[in-house]
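# Results of the structural survey
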Amino acid sequence: MAPSTDGNPLVLLVMNAILSGTFSYVVLRGYAFVGGAPFSWRNVALLTLVLMALTFVVVR
């Protein structure tokens, strides 16, 4: 049986960015749909960065 590895950090970073970005987009589109706030790509980028940082902290 092969030893376990943590994987390539670059792959994990890209996957985290894609998943966080998708989640941010969906959440903010839904929030705009119910009238919470207007949708903007700046908000998507900010929420994506926050989620990526939070994920990094929780995983480490």
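Above this note sits the structure.
So, here's what we can say about the structure. (Residues numbered from 1 in each chain as written. Predicted model: local features only at pLDDT ≥ 70, side-chain atom pairs only at ≥ 80, totals over all residues. Heavy atoms only, no water.)

Tracing the chain through its elements places Asn16 in helix H1 (residues 9-33). Beyond its immediate stretch of four places on either side in the chain, Asn16 contacts Met52 and Thr55. (Helix = DSSP H or I, 4+ residues; strand = E, 2+ residues; numbered from the N terminus. Contact = heavy atoms within 4.5 Å.)

Let us now look at H1. Look at H1: 36 Å from first C-alpha to last across 25 residues, which is about the 36 Å you get at 1.5 Å a residue. Residues of H1 that are buried: Asn16, Ser20, Gly21, Ser24 and Leu28. Looking at the buried positions of H1, the neighbouring elements they touch are helix H2 (41-59). Capping the start of H1, Asn8 holds a side-chain oxygen 3.1 Å from the backbone nitrogen of Leu10, two or three residues further along. Positive phi appears at Gly35, one or two residues downstream of H1, with a value of about 90°. (Expected span 1.5 Å × (residues − 1). Buried < 20%, exposed > 50% of the residue type's maximum accessible area, 1.4 Å probe, protein only. Polar contact = N/O pair within 3.5 Å; in protein donor to acceptor, adjacent residues only side chain to side chain.)

All right, on to the layout of surface pockets then. Using a probe with the size of a water molecule, rolled over the atoms, empty space left in the structure can be pinpointed. If you add up the space inside the largest pocket, you get close to 290 Å³. For the largest pocket, the full set of lining residues is Pro9, Leu12, Leu13, Met15, Asn16, Leu19, Met52, Thr55, Phe56, Val59 and Arg60. Mapped onto the lining of the largest pocket, the elements with two or more residues apiece are H1 and H2. The element contributing the most residues to the lining of the largest pocket is H1, with 6 residues. Residues belonging to the lining of the largest pocket are distributed by class as follows: 8 nonpolar, 2 polar and 1 charged. (1 Å grid on protein atoms, 1.4 Å probe; cavity = no way out; pocket = protein on both sides within 12 Å on 5 of 7 lines; lining within 4 Å. Points joined across faces, edges and corners; volume = space filled by probe spheres on them. Nonpolar A, V, L, I, M, F, W, Y, C, P; charged D, E, K, R; others polar.)

Before going further, it helps to examine the packing of H1 against H2. Their axes nearest at 8 Å, the elements H1 and H2 cross at an angle of 130°. The pairing of H1 with H2 is recorded here as oblique in orientation. Along this stretch, H1 crosses H2, giving a crossing that reads as right-handed. Facing Leu13, Asn16, Ala17, Ser20, Gly21, Phe23, Ser24, Tyr25 and Leu28 of H1, the residues of H2 in contact are Trp41, Asn43, Val44, Leu47, Thr48, Leu51, Met52 and Thr55. When its residues are assigned to classes, the contact of H1 with H2 shows 10 nonpolar, 7 polar and no charged. (Axes fitted to C-alpha atoms, helices over the stretch in contact; angles between N-to-C directions. Parallel < 35°, antiparallel > 145°, perpendicular 65-115°, else oblique. Left-handed = near helix turned anticlockwise from the far one by under 90°.)

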